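Summary of structural features
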Amino acid sequence: MARIIALDYGKVRTGIAVTDELQLIASGLTTVITKELLVFLKDYVEKEKVEKIIVGEPKQMDNTPSESESLIKPFLEKLALAFPEIPIERQDERFTSKMAFQTMIDSGLKKKQRRNKALVDEISATIILQAYLNR
């Protein structure tokens with residue numbers, strides 16, 4: 001089997017999570033500067049077999065797209081062109097940042113470590129991927 005990658009896309013940086021090859025466990029991979037994301041993904045796909053890419057879908061409480069969706073749409077088009085052979089799916093990402101922050105608290109990270117926005121993005125991507133796997 002191949003891995004599934006999840007992205008918590010952001011204007012500045014993007015959190016990335018990945019499954020194991022059996023697609024059972026979601027783990028944080030890294031956080032990448034968004035401008036360098038496609039280059040990172042191309043390099044990763046050359047090294048690892050990737051079956052699917054999951055991109056977080058930010059929504060408002062009333063289920064309408066959030067403001068950041070306007071940033072994600074152009075990226076999705078570029079992503080589809082760069083990886084025409086890999087299906088792209090969306091996963092609701094409401095509350096993932098709050099859940100990521102709470103995970104950091106629950107795991108005993110110090111206040112200074114919890115300010116690391118890159119880590120929050122990586123954990124958020126992991127939560128997005130785990131939610132996708134649980135569907």
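Structure first, text after, so check above.
Before going into details, it helps to say that this report is about the structure given with it. (Residues numbered from 1 in each chain as written. Predicted model: local features only at pLDDT ≥ 70, side-chain atom pairs only at ≥ 80, totals over all residues. Heavy atoms only, no water.)

Regarding the pattern of salt bridges
- The final tally for this structure, using the stated rule, is 8 salt bridges.
- A salt bridge links R13 to D121; the shortest N-O distance between them is 2.7 Å. A residue pair is termed long-range when its members are at least 10 positions apart, and R13 in strand β2 (residues 13-19) and D121 in helix α5 (residues 117-134) qualify at 108 residues.
- The partly exposed category is assigned to R13, whose relative accessible area is 23%. (Salt bridge = Lys/Arg side-chain N within 4 Å of Asp/Glu carboxyl O. Helix = DSSP H or I, 4+ residues; strand = E, 2+ residues; numbered from the N terminus. Buried < 20%, exposed > 50% of the residue type's maximum accessible area, 1.4 Å probe, protein only.)

Some remarks on the packing of helix α1 (residues 37-47) against helix α2 (residues 69-82)
- Packing of α1 against α2 leaves a shortest axis separation of 11 Å and a crossing angle of 30°. Taken together, the axes of α1 and α2 lie roughly parallel to each other. The two elements α1 and α2 cross, and the hand of that crossing is right-handed. Contacts from L37, L38, L41 and K42 in α1 reach F75, K78, L79 and A82 in α2. (Axes fitted to C-alpha atoms, helices over the stretch in contact; angles between N-to-C directions. Parallel < 35°, antiparallel > 145°, perpendicular 65-115°, else oblique. Left-handed = near helix turned anticlockwise from the far one by under 90°. Contact = heavy atoms within 4.5 Å.)

What to know about the packing of aromatic side chains
- In the structure shown here, the tally under the stated rule is 2 aromatic pairs.
- On the numbers, 4.5 Å between centres and 25° between planes, the contact of Y9 with F75 is stacked. Note that Y9 is positioned in the loop between β1 (3-8) and β2 and F75 in helix α2, a separation of 66 residues in sequence. Per residue, the accessibility class of Y9 equals that of F75, and both read buried. (Phe/Tyr/Trp six-rings, centres within 6.5 Å; stacked < 30°, edge-to-face > 60°.)

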